[in-house]
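Structural overview
Chain by chain, the residues run as shown.
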Amino acid sequence: MLRVRALFAVPAVAMVAATLVLTVPVSQASGQIAQEKVDLGVIARIRQEGLERSQIPALAHHLTDVIGPRLTGSPGMKAANEWTATTLKSWGLTGVEVEPWGRFGRGWKNVSYEGRILTPYSQPMPGQASAWTGNTKGTITAPVMVVEGGVDSIAKYGTKLRGALVLLAPARPLPPEFRDPEERRTPVDSLLAPVNQRARPPIGWDTLLVKIQKQQAHADSLLRAAGVAGVITGSGSAYGTIRGGGDWSATNPAMPIPVPNVIVQQEQYNEMYRNVTSGVPVTVQLKVQNRFLTDDLNAYNTLGDIRGTDKPDEYVMIGAHLDSWHYGNGATDNAAGSIVMMEAMRILKTLDLHPRRTIRIALWSGEEEGIYGSRGWIKKHPELAPKISAYLNLDNGTGRIRGVWDQGNAKAIPIFEQILWPFHDLGVVAVRHGNTGSTDHVSFDDAGIPGFNFIQDPIEYGLRTHHTSNDVYDHLELEDLKQAAVVVAATAYELANRDEMFPRK
Ligand SMILES: [Zn+2]
């Protein structure tokens, strides 16, 4: 891409007026010359609207501080579906709807959590209930016991564990984090370094998820048979961070409510483990109240359009998952991606731009449990698959966009190189040959529709916020998200105006 810069040192004034046809030698891989019409005038307006009049801070505040965590099937998710739909409508989008993608199962909400270690000395035990797990019978006081070998070896304890809170895994070492801050913003060199990636193996999602649910249900039946009062799980992260997931086998109303399972700080978990295994009795006082919700077993996506002009029945889709875990309030995962996509639509609408193809935003639910919302939507709309030119996804935290993966579609490289070139100065420098998995663009890729996930600066996604109690507004990089909204708005607009559909793999 560096080559591109030398060619295009065009004076600013000329840039604003001109619709420029970019003809560039592209990466050797494709060996083809691709031409993209990039409207620099429109791009300049998109930059101005997105960088100077951004709604990102307000959107971020409302979705995280006001609506809060959005576990699929929970009241928070419902509020988020409604608020995003109302907001998109208020910006003038058409075809806005909160659409059911299918039967998800029981919703769940944590009502209260109180934990305290009583012996060998008294201290608060901060923690959170693991999603879709059950309640304690009021406030309980129980001995803590270790199950060596994990849940599958629980039977050998006979009745010894009755009424106990059990630790199912050994203590986890917490080495110091000697990570270089540089890793928070990816240096250009490593962004441009070739990656030899194997093709992404198709994942039989349904078989995989059924297998996981079976394992969860089996583990729970062993625990109930042993009569334990509950499970205490270590967070796996250091410095008091609570990181977790959930037992979504219990979304199935036919399944029994699992035993209580609380996620506590790894440091306290390790301390309890050391004490119990060295013969020091540990007693915990615990009260966990959760609610399973069965009034509506469906789950929903929010969708909305900017209708196309001469190709209205062809689509460019942009999206992100709106659902989150409940340990923080899903700020970087994935309020960040959701508000970037919303802001991109706001920018295009505010500038009164009229793309040739319809640009459709999709805010999915069910992603954390198995990209259910996007897969469900595609299953529900097979008639649309051939009409979707491309789908753009954002789901790697709060960092600015640095480029995009071609998802194994080498024809994508020259197209993205030219469309993203005007954002080189904002750090967008890499169109990479490679795949990313396990988020919503995969649903499109699996359906043979060009689906792409943007490359972002990692900031502290893996280190601090991904699925943790730290995932809150304060850890959002708002300037990065403004940049991302500008890049998404421009990319969607340019793809919507292409003469041809995006080339399939
Ligand atoms: Zn995510």
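**Focus on the layout of surface pockets**
Taking a probe equal in size to a water molecule and rolling it over the atoms shows the remaining empty space. Its boundaries defined by the atoms lining it, the largest pocket holds a volume of some 640 Å³. If you go around the largest pocket, you meet 30 residues; those closest to its centre are Ser130, Leu168, Val231, Thr233 and Asn261. Secondary structure elements with two or more residues in the lining of the largest pocket: helix H7 (205-226), strand E9 (230-234), strand E10 (261-264) and helix H8 (266-277). Here the lining of the largest pocket takes six residues from H7, the largest share from any one element. For the lining of the largest pocket, a count of residues per class yields 13 nonpolar, 13 polar and four charged.

**Quick notes on the environment of leucine 223**
With respect to the helices and strands, the residue leucine 223 is situated in helix H7. Measuring from C-alpha to C-alpha, the distance between leucine 223 and valine 166 comes to 9.3 Å, with 57 residues separating the pair along the chain. With sequence-adjacent residues up to four places away left out, leucine 223 is seen in contact with Val151, Ile154, Val166, Leu168, Val228, Val231 and Val259.

**Thoughts on the domain arrangement of the protein**
Assigned domains of the protein: these are domain 1 (3-104 + 297-496) and domain 2 (107-293). Here domain 1 and domain 2 have C-alpha centroids that lie 33 Å from each other. Surface buried jointly by domain 1 and domain 2 totals about 3,600 Å² across both partners, of which 51% is contributed by carbon and sulfur atoms. Three residues, Tyr327, Arg432 and Leu463, lead the burial of domain 1 against domain 2; their summed loss comes to 17% of the area buried on that side. Here glutamate 177 ties to arginine 464 by a salt bridge, and the two come within 3.2 Å at their closest N and O atoms. Breaking the side of domain 1 that touches domain 2 down by element, the ones donating at least two residues are helix H10 (367-370), helix H11 (372-380), strand E16 (401-405), strand E17 (430-432), helix H13 (441-446) and helix H14 (461-465). Of the residues that constitute the side of domain 1 that touches domain 2, the class distribution is 16 nonpolar, 18 polar and 14 charged.

**What to know about the coordination of the zinc ion**
The coordination sphere of the zinc ion, as far as protein atoms go, consists of His321 (NE2), Asp333 (OD), Asp395 (OD) and Asp395 (OD), spread over 1.9 to 2.7 Å. One can describe the donor arrangement at the zinc ion as irregular, given that its four donor atoms subtend angles of 51 to 146 degrees at the metal. Mapped onto the polypeptide sequence, the residues donating to the zinc ion form the spacing pattern H-x11-D-x61-D. With histidine 321 in strand E13 (residues 311-321) and aspartate 333 in helix H9 (residues 331-350), this pair connects stretches of sequence that are twelve residues apart. The buried category is assigned to histidine 321, whose relative accessible area is 0%.

**Remarks on the packing of aromatic side chains**
Both the distance between ring centres and the angle between the ring planes are used here to describe each pair of aromatic rings. Taken as a whole and assessed by the stated rule, the structure comprises 13 aromatic pairs. Ring centres of tryptophan 132 and tryptophan 325 lie 6.2 Å apart, and the angle between their planes is 80 degrees; on these two criteria the pair is classed as edge-to-face. With tryptophan 132 in the loop between strand E6 (127-129) and strand E7 (140-146) and tryptophan 325 in the loop between E13 and H9, this residue pair connects regions lying 193 residues apart in the sequence. We note that tryptophan 132, like tryptophan 325, is buried. Their ring planes at 40 degrees and their centres at 5.5 Å tell us that phenylalanine 416 and phenylalanine 502 sit as a pair that is tilted. Note that phenylalanine 416 is positioned in helix H12 (residues 412-420) and phenylalanine 502 in the segment after helix H15 (478-496), a separation of 86 residues in sequence. Assessed through its relative accessible area of 0%, phenylalanine 416 is described here as buried.

**Some details on the pattern of salt bridges**
This structure, assessed with the given rule, holds 19 salt bridges. With a closest N to O distance of 2.9 Å, glutamate 49 and arginine 346 form a salt bridge. Note that glutamate 49 is positioned in helix H3 (residues 40-52) and arginine 346 in helix H9, a separation of 297 residues in sequence. In this structure, glutamate 49 and arginine 346 share a single accessibility class: buried. The salt bridge involving glutamate 343 is made with arginine 346; its shortest N-O contact spans 2.8 Å. Here arginine 346 and glutamate 343 lie together in helix H9, a separation of three residues that amounts to about one turn.

Conventions and cut-offs
Residues numbered from 1 in each chain as written. Predicted model: local features only at pLDDT ≥ 70, side-chain atom pairs only at ≥ 80, totals over all residues. Heavy atoms only, no water. 1 Å grid on protein atoms, 1.4 Å probe; cavity = no way out; pocket = protein on both sides within 12 Å on 5 of 7 lines; lining within 4 Å. Points joined across faces, edges and corners; volume = space filled by probe spheres on them. Helix = DSSP H or I, 4+ residues; strand = E, 2+ residues; numbered from the N terminus. Nonpolar A, V, L, I, M, F, W, Y, C, P; charged D, E, K, R; others polar. Contact = heavy atoms within 4.5 Å. Domains from an automatic or database assignment. Buried area = accessible area lost by both parts, 1.4 Å probe. Salt bridge = Lys/Arg side-chain N within 4 Å of Asp/Glu carboxyl O. Donors = N, O, S within 2.8 Å, 3.2 Å for Na, K, Ca; no water. Tetrahedral: all angles 85-135°; square planar, octahedral: opposite > 155°, others 65-115°. Buried < 20%, exposed > 50% of the residue type's maximum accessible area, 1.4 Å probe, protein only. Phe/Tyr/Trp six-rings, centres within 6.5 Å; stacked < 30°, edge-to-face > 60°.

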